[in-house]
Amino acid sequence: TFAQKTLLKYRVTPWLNNKDAAVSLTLDDWMSSQINNAIPMLLQKGFSATFFVITNKVTNWNDLVKASDNGFEIANHTKTHSQLPALNDAQIKEEVGGARELIGQHNNNRFPVTFAYPGGGEGKVINSEKNIPSILIKYCIGAREVGSSPYPFNLEFWGPQPFTNDNYFKVGSQIINDKGPSIQEFNSILDTAILYHGWYVTCYHGIGGEWISTSTINFEAQLAALEKKKARLWITTFKNALCYHKERHCQKLKVISESAESLKLNLTDT
């Protein structure tokens, strides 16, 4: 059978360690309930997560540094949570670039490389500013929106096609709070993401308090559901999943030769 060329198909695995899907737990705004409730619960499970930080809301930078030291991604959610479509170019640069500098200065020169749009998206109605991603690319490698279609997770190649670098500035996510999804729906989303090799990005706010809150009971149930499926899920930060996907998308794999004794592949990457 090996005399017939290329019977087997080779590819770089969809996600790290040949996991079927990726999950990135992201939490917005940097709240005390996240520091006091979410972080200990995540550490207990051994899960990483991404915190999109509004720098004007940081009251104790030591808490942020400690989270970063524990492997959590500290990412950019602007200085004041201003809606970018309402701002001019200079104001956008101050909101995004200013927050990046503040986080890097206070977090041992660990500058954030991912971003979450205040209000959920770069905006459906944009005044004079129509190229927000072209500004963001100077400060980050990708950005998270709220909402995704046709599923609550990102398909293996999501958004407008053909797939380009712009898609990395339109990564979808699902808002989670006590209104939903239910734990049954949450499990179903995970199973469907596994089926489609998708990337499920959650968008949490308060955990056990504050705004758009998820109770600690519901958060614990969702973490337990993830733990049960972790053999098939890569649970990682937004940055790590985005970087892996981007590198995989830039590669080409070609079969040079194969036989019963050996195979030779050529991997190129931009």
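Residues numbered from 1 in each chain as written. Predicted model: local features only at pLDDT ≥ 70, side-chain atom pairs only at ≥ 80, totals over all residues. Heavy atoms only, no water.

Chemist: Could you give me a rundown of the packing of aromatic side chains, with the residues and numbers involved?
Modeler: Per the counting criterion, the structure on display carries 19 aromatic pairs. Their ring planes at 90° and their centres at 5.1 Å tell us that Trp-158 and Phe-163 sit as a pair that is edge-to-face. With centroids separated by 5.1 Å and ring planes inclined at 85°, the aromatic side chains of Tyr-204 and Phe-219 adopt a geometry described as edge-to-face. Here Tyr-204, found in strand S7 (residues 199-204), pairs with Phe-219, found in helix H6 (residues 216-228); they are 15 residues apart in sequence, far enough to count as distant. Accessibility expressed as a relative area gives 0% for Tyr-204, which makes it buried. Overall, Phe-219 belongs to the buried group, its relative accessible area being 1%. A connected cluster of aromatic rings, assembled from ring pairs, spans Trp-15, Phe-52, Phe-157, Trp-158, Phe-163, Tyr-168, Trp-199, Trp-234, Phe-238 and Tyr-244. A cation over an aromatic ring shows up here: Lys-246 above the ring of Tyr-168, its NZ or CZ 4.9 Å from the ring centre. (Phe/Tyr/Trp six-rings, centres within 6.5 Å; stacked < 30°, edge-to-face > 60°. Helix = DSSP H or I, 4+ residues; strand = E, 2+ residues; numbered from the N terminus. Buried < 20%, exposed > 50% of the residue type's maximum accessible area, 1.4 Å probe, protein only. Lys NZ or Arg CZ within 6 Å of the ring centre and 35° of its normal.)

Chemist: Which residues make up a nonpolar patch on the surface, and what values do they have?
Modeler: On the surface, a nonpolar cluster with roughly 300 Å² of combined accessible area is contributed by Val-146, Ile-175, Trp-211 and Ile-212. Positionally, Ile-212 belongs in the loop between S7 and H6. Look at Ile-212 and you get partly exposed, because its relative accessible area is 37%. (Patch = residues over 30% accessible without salt bridge, like charges linked within 9 Å, V, L, I, M, F, W, Y side chains within 5 Å. Areas by Shrake-Rupley, 256 points an atom, 1.4 Å probe, with all protein chains shown as cover. Salt bridge = Lys/Arg side-chain N within 4 Å of Asp/Glu carboxyl O.)

Chemist: Just give me the short version of H6, but keep the residues and values in it.
Modeler: End to end, H6 covers 18 Å across 13 residues, agreeing with the expected 18 Å (1.5 Å per residue, within 8%). Every buried residue of H6 is listed here: Phe-219, Gln-222, Leu-223, Ala-225 and Leu-226. Looking straight down H6, one finds its buried side chains confined to an arc of 155°; they lie on one side. Seen from the open side of H6, the exposed residues pointing more than 90 degrees away from its buried face are Ile-217 and Lys-228. Looking at the buried side of H6, the elements it contacts are strand S1 (21-29), helix H1 (32-45), helix H5 (183-196), S7 and strand S8 (233-235). (Expected span 1.5 Å × (residues − 1). Arc of directions from axis to C-beta. Contact = heavy atoms within 4.5 Å.)

Chemist: With reference to specific residues and values, describe the state of the cysteines.
Modeler: Two cysteines, two sulfur atoms, one covalent bond between them: this is a disulfide. For the structure on display, the rule yields zero disulfides. Left unpaired, Cys-140 is separated from the closest cysteine sulfur, that of Cys-243, by 12 Å. For Cys-140, a relative accessible area of 7% puts it in the buried group. (Disulfide = S-S within 2.5 Å.)

Chemist: Talk me through the pairing of S1; I want residue IDs and the actual numbers.
Modeler: Burial runs high along S1: nine of the nine residues are buried. Both S1 and S8 contribute to a ladder of three bridges, which runs parallel. Its bridge partner being in S8, Ala-22 is matched across the sheet by Trp-234. As defined by bridge partners, S1 adjoins S7 across six bridges and the pair is classed as parallel. Across the sheet, the residue bridging to Ser-24 is Val-201, located in S7. Sheet topology places S1 next to strand S2 (residues 50-53); four bridges connect them, and they run parallel. (Pairing = 2+ DSSP bridges.)

Chemist: Mind laying out the packing of H5 against H6, listing which residues take part and the relevant values?
Modeler: Following both chains from N to C, one finds H5 and H6 inclined at 30°, their axes separated by 10 Å at the closest point. Classified by the angle between their axes, H5 and H6 sit roughly parallel to one another. Seen from above, H5 lies across H6 with right-handed handedness. Residue-level contacts link Ile-183, Phe-186, Asn-187 and Leu-190 of H5 to Ala-221, Gln-222, Ala-225 and Leu-226 of H6. (Axes fitted to C-alpha atoms, helices over the stretch in contact; angles between N-to-C directions. Parallel < 35°, antiparallel > 145°, perpendicular 65-115°, else oblique. Left-handed = near helix turned anticlockwise from the far one by under 90°.)

Chemist: Lay out helix H3 (residues 89-106) with the relevant residues and their values.
Modeler: A rise of 1.5 Å per residue sets the reference length of H3, with its 18 residues, at 26 Å; its end C-alpha atoms lie 25 Å apart and thus fit the reference within 8%. Every buried residue of H3 is accounted for by Ile-92, Glu-95, Val-96, Gly-97, Gly-98, Ala-99, Ile-103 and Gly-104. Capping the start of H3 is the job of one residue whose side-chain oxygen sits 3.2 Å from the backbone nitrogen of Ala-90: Asn-88. Positive backbone phi, approximately 55°, marks Asn-108, located one or two places after H3. (Polar contact = N/O pair within 3.5 Å; in protein donor to acceptor, adjacent residues only side chain to side chain.)

Chemist: Please set out the side chain of Asp-20 residue by residue, giving values where relevant.
Modeler: In this structure, Asp-20 sits in the segment before S1. A polar contact is formed between the side chain of Asp-20 and the side chain of Arg-232, at a distance of 2.8 Å. Apart from residues lying up to four places away in sequence, Asp-20 is in contact with Trp-15, Ala-193, Ile-194, His-197, Gly-198 and Arg-232.

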